[in-house]
Each structure stands twice: as structure tokens, then as C-alpha cells.
Amino acid sequence: MTTPDPDGLLAEQLLRLTRRVHRIQKRHLEQHDLGITPAQSRLLRTLAHYPSPPRMADLAERLEVVPRAVTTLVDGLEASGRVRRVADPANRRVTRIELTDEGHTALRELRAARRSAAEEMLAPLTEKERQVLGVLLDTLIDGDARQPC
């Protein structure tokens, strides 16, 4: 008789949860009618963390994608007026990406969509369960500090 694989079950549950989170967030983005894909949303959120406009190569590295993928995302966001390409004042051959006013507005709307998606996901949990989940998620996100990444 084989014994159940609890780690395999947990791995499957994590994958199913991840897919559900993506589906719910995508639906909430669509309901807010932002016209932004999840990948564009991620780029906007990443861009907002920089103290000054980054290069596309910086964004690609932070997002862990190839530079061509960033170019495509920036093209779409630039066409919608949410970002703009600007020349680097120190080296005009370098292009940097900055948020526009429309980009800042889109970020606020994205945060609202993400909050409503999170509320939907967490609705079945009690306050105590949410606190426990928060501690567990922090542990998983931070990983085991004793182990190298």
C-alpha cells in the first residue's frame, strides 16, 4: 500500500491557488475596464518602485523577462498614454521609461482592482484565519533564511 504524498498535495494546492488568483485578478482588471493586461499591470507596478525612470534593460532584469518582452509591453502602455520614453540626460543614446499622469491614475485603479480581487479571495476566511495565512505566506515568501536561494 502506498502512502499519500502530502508534499505533492500541497504543491498541487499551491498551483491551483496560483491559477485561481490569476483568474480572479484578470476578471477584476476586466471589470474595472482598464484595458491593461496582467503583464502590463506588473510592468506599471514595477516601474512605480523606481525612484527615477529606469532603462528598459533594468525593467527586463527586474521582471525576469527578455528585453524584447519589455519593449512590447512599453509599446502598448505608451500607445495608451500611460508611459513615455524619455532620453537619458546623461547619455542621449539611452532611453528611459517614465510613468505619465495617466499611468499614475491607472496604478490607483489597478490597486483598487487588486484589493477587490483580494477581498473576493479572502472572503471565506475568518479574521483569525487571515492572520494565520499572512504569517504562513510571509514564511513562504521569505523562504528559509538558513538556505541560500
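For the structure itself, look to the data block above.
For every chain, the first residue of its written sequence is number 1, and the numbers climb from 1 along that sequence. Under the rules for a predicted model, residues below a pLDDT of 70 receive no local features and side-chain atom pairs below 80 are neither given nor counted, while totals for whole chains, interfaces and linings still include all residues. By convention in this description, side-chain values take in all heavy atoms of the structure and omit both hydrogens and water.

**Quick notes on the nonpolar core**
- Throughout, nonpolar core names a set of buried Ala, Val, Leu, Ile, Met, Phe, Trp, Tyr and Cys residues whose side chains join them through atoms within 4.5 Å. Under the scheme applied here, a residue whose accessible area is under 20% of the maximum for its type counts as buried, over 50% as exposed, and between as partly exposed, the area being computed with a 1.4 Å probe on protein chains only. Judged by nonpolar contacts, the single largest core of 22 residues is most densely connected at L43, L44, V70, V74, V83, I97 and L110.
- Contacts were defined at the residue level, with two residues in contact if any of their heavy atoms lie within 4.5 Å. When near neighbours in sequence (up to four residues on either side) are disregarded, L43 contacts L63, V70, L73, V74 and L77.

**So, the environment of L59**
- Secondary structure follows DSSP: runs of H or I at least 4 residues long count as helices, runs of E at least 2 residues long count as strands, and numbering of each begins at the N terminus. Relative to the helices and strands, L59 is located in helix α3 (residues 56-63).
- Residue L59 is classed as buried on the basis of its relative accessible area of 0%.
- Once the C-alpha coordinates of L59 and L47 are considered, the two residues, twelve residues apart in sequence, prove to be 7.4 Å apart.
- Setting aside its immediate chain neighbours within four residues, L59 contacts T46, L47, Y50, P54, V70 and I97.

**Some remarks on the packing of α3 against helix α4 (residues 67-79)**
- To obtain each axis, a line is fitted to C-alpha atoms, and for helices this fit is confined to the stretch in contact; angles are then taken between N-to-C directions over 0 to 180 degrees. Where α3 meets α4, the closest approach of the two axes is 8 Å, and the angle between their N-to-C directions is 110°. As far as their axial angle goes, α4 and α3 are roughly perpendicular. In terms of crossing hand, the pair formed by α3 and α4 is right-handed. In this structure, α3 contributes M56, L59, A60 and L63 to the contact, and α4 contributes P67, V70, T71 and V74.
- Residue composition of the contact of α3 with α4, grouped by class: seven nonpolar, one polar and no charged. Throughout this description, any angle smaller than 35 degrees is read as roughly parallel, any larger than 145 degrees as roughly antiparallel, any in the 65 to 115 degree range as roughly perpendicular, and the remainder as oblique. By convention, the crossing between two helices is left-handed when the near helix turns anticlockwise from the far helix through less than a right angle, and right-handed when the turn is clockwise. Residues are grouped as follows: nonpolar covers Ala, Val, Leu, Ile, Met, Phe, Trp, Tyr, Cys and Pro; charged covers Asp, Glu, Lys and Arg; every other residue, Gly included, is treated as polar.

**Digging into unusual backbone geometry**
- You will see that D33, though not glycine, has its phi angle at about 50°, which is positive.
- Mapping D33 onto the fold places it in the loop between α1 (6-31) and α2 (38-48).
- Judged by its relative accessible area of 68%, D33 falls in the exposed class.
- Phi is positive for E64, close to 60°, though the residue is something other than glycine.

**With respect to the packing of α2 against α4**
- Close contact between α2 and α4 brings their axes to 10 Å; oriented N to C, the two are set at 90°. Here α4 runs roughly perpendicular to α2, going by the angle between their axes. Touching A39, Q40, L43 and L44 of α2 are V70, L73, V74, G76 and L77, all from α4.

**With respect to a nonpolar patch on the surface**
- Only residues above 30% relative accessible area that lack a salt bridge enter a patch, with like-charged residues linked at up to 9 Å and the nonpolar side chains Val, Leu, Ile, Met, Phe, Trp and Tyr linked at up to 5 Å. Here the open area of atoms and residues is found with the Shrake-Rupley method and a 1.4 Å probe, where only the protein chains shown may cover a residue. Any Lys or Arg side-chain nitrogen located within 4 Å of an Asp or Glu carboxyl oxygen qualifies as a salt bridge. A cluster of nonpolar side chains, namely L14, L17, L137, L140 and I141, defines an oily patch on the protein surface of about 490 Å² accessible area.
- Residue assignment for the nonpolar patch shows that the elements contributing at least two residues are α1 and α6 (127-142).
- It is α6 that contributes the most residues to the nonpolar patch, three residues altogether.

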